[in-house]
Number of protein chains: 2
Amino acid sequence: MKLYESKTAPNARRVRMFLAEKGVLDQIECVELDLQGGDNISVEFRQKNPLAKIPVLEFDDGTYLSESIAICRYFEALYPQSPLMGTTPIEQANIEMWQRRCEIYFMNIVGMGFQHTTGFFADRMKPIKEWGEVCVSGAAKFFKLLDAQLAHNQYIAGDSFSVADITALVSIDFARVIKLRMPEEMSHLKRWYEQMQQRPSVGV
Amino acid sequence: MKLYESKTAPNARRVRMFLAEKGVLDQIECVELDLQGGDNISVEFRQKNPLAKIPVLEFDDGTYLSESIAICRYFEALYPQSPLMGTTPIEQANIEMWQRRCEIYFMNIVGMGFQHTTGFFADRMKPIKEWGEVCVSGAAKFFKLLDAQLAHNQYIAGDSFSVADITALVSIDFARVIKLRMPEEMSHLKRWYEQMQQRPSVGV
């Protein structure tokens, strides 16, 4: 299997972290793409994913799987030991809820804030500064929800480390590109963030 | 269990369709909210979901679950017969990929196009018309990907009806609010859409 990805892209980092937590990252051949150079919008890459997004997993039979969480789910099903997406119905649902909250109301908003305020991909999209600024201030509000949740839970979705922690951590680190940092006074969020730094997967 | 929802909201319809397909919709008490009237942004409702979004599932012990696909996943795990999220690792991953494609690159874009071009929620957000127009034209491009996929597959994610079909159908119907309709010449998409109308769950 091959993973088409980029060391600087937050979605690719989510998948690398997930694979490292599963202990299988070193079994996958990683192929680095230059996103700003346009590797992902080439005709060739669109054969792998018509939506031109990374990461993309290539199977040995020449088929492809894209969407970060779909790739994670594939490996979760293949390697159900040390689960990162829950085992009971309520655990699975709760992890899905928190993973989606972190992704939809934070990670994706940070991404749009970045693209629309910096013009990083201005060769392929039209940045709308006013929208970018709405996103940047919207993303900042999410820290409070995380801090409140972590006041009563060791991890984002409860008692166990999960894919929700991966999305939260990757998004918080990515938010630096729009100069957004965790407020110092949010002690629960800070405690969790420091705890996350102990996991070998943060560095992959 | 209670489901806080709205008959006119696409996310609520996704969950109702999913529950109807599982044959359990009539076991759930549905509570209708007036979204434009602001029921979901009240202090009381934010106790159920701090992000003020519907649908929300209330358990009998007074705890809550939000995010449509998290609610679906809960019922998928409770009632694994007639699966809507796949059974093998590759099926699960492929359905997750297509569900997310339909949601991220179509449903969510239609939603932003609607909010930013019509000002429907102008009491609680600042519509940015230019961004709304980018979304409307972006959403229109997605039909082509669906038509190409349906040229070789009976359903959106392959041989079986799944949650990806639900998201696609609900999003296509919702797209009428921005005057977006399936292009007539897309025969595969049209064939699939007509086939979907035969399912009793479309009307719930």
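Along every chain, residues carry numbers that run from 1 in the direction the sequence is written. Here the convention is simple: chains get letters from A, ligands get numbers from 1, in the order in which they are written. Only residues with pLDDT of at least 70 are given local features in this predicted model, and only at 80 or more are side-chain atom pairs given and counted; all residues enter the totals for whole chains, interfaces and linings.

## Observations regarding the confidence of the model for chain A
Line of reasoning, step 1. For every residue, the predictor assigns a confidence score, pLDDT, that lies between 0 and 100. The predicted model of chain A has a mean per-residue pLDDT of 97, with 100% of residues at 70 or higher.
Line of reasoning, step 2. Both confidence scores are given for the complex: pTM 0.97, ipTM 0.97.

## Some thoughts on the interface of chain B and chain A
Line of reasoning, step 1. Once C-beta atoms have been placed from the backbone, residue pairs whose C-beta atoms lie within 7 Å are recorded as contacts. Opposite the 27 residues of chain B that make contact, chain A presents 27 residues.
Line of reasoning, step 2. At the level of secondary structure, the elements contributing two or more residues to the side of chain B that touches chain A comprise strand S4 (64-66), helix H3 (68-78), helix H4 (89-118) and helix H5 (129-140) of chain B.
Line of reasoning, step 3. If one sorts the elements of the side of chain B that touches chain A by residue count, H4(B) sits on top with 9 residues.
Line of reasoning, step 4. The residue makeup of the side of chain B that touches chain A, split by class, is 18 nonpolar, 2 polar and 7 charged. Numbering of helices and strands starts at the N terminus; helices are DSSP runs of H or I of at least 4 residues and strands are runs of E of at least 2. Three residue categories are used. Nonpolar comprises Ala, Val, Leu, Ile, Met, Phe, Trp, Tyr, Cys and Pro, charged comprises Asp, Glu, Lys and Arg, and polar comprises the others, including Gly.

## Overview of the packing of helix H6 (residues 142-150) of chain A against helix H8 (residues 187-196) of chain A
Any two packed helices are characterised by how steeply their axes cross, that is the angle between the axes, and by the distance between the axes.
All names here are of chain A.
Line of reasoning, step 1. Two elements in contact, H6 and H8, have axes whose closest approach is 7 Å; the angle formed by their N-to-C orientations is 80°. Judged by the inter-axis angle, H6 sits roughly perpendicular to H8. Residues Phe-143, Leu-146, Asp-147 and Leu-150 of H6 form the contact with H8, whose own contacting residues are His-188, Leu-189 and Trp-192.
Line of reasoning, step 2. Taken together, the residues that form the contact of H6 with H8 break down as 5 nonpolar, 1 polar and 1 charged. To define axes, lines are fitted to C-alpha atoms, for helices over the stretch in contact only, and angles between the resulting N-to-C directions are given on a 0 to 180 degree scale. An angle counts as roughly parallel when it lies under 35 degrees, as roughly antiparallel when it exceeds 145, as roughly perpendicular when it falls between 65 and 115, and as oblique in every other case.

## Thoughts on the sheet that holds strand S1 (residues 2-5) of chain B
All names here are of chain B.
Line of reasoning, step 1. In space, the 4 strands of this open sheet follow the order S2-S1-S3-S4, with mixed pairing throughout. Either end of the sheet is taken by a strand with one partner, and the two such strands are strand S2 (29-32) and S4. The mean angle between the axes of side-by-side strands here comes to 25°, regardless of whether they run parallel or antiparallel. By definition, two strands form a pair when at least two bridges between them are found by DSSP.

## Focus on the relation of the copies chain B and chain A
Think of it as a corkscrew move, a rotation about one axis and a shift along it, taking one chain copy to the other.
Line of reasoning, step 1. Relative to chain A, chain B is turned by 180° and slid 0.0 Å along the rotation axis, the superposed coordinates differing by an RMSD of 0.0 Å. Considering both components of the superposition, the chain copies are consistent with a two-fold axis. Measuring from the rotation axis to each C-alpha of chain B, the shortest distance belongs to B:Trp131, at 3.4 Å.
Line of reasoning, step 2. Most of the interface of chain B is mirrored in chain A, where 100% of its interface residues again form contacts. When the copies are superposed, the least-squares fit takes in the C-alpha atoms of residues with a pLDDT of at least 70 in both.

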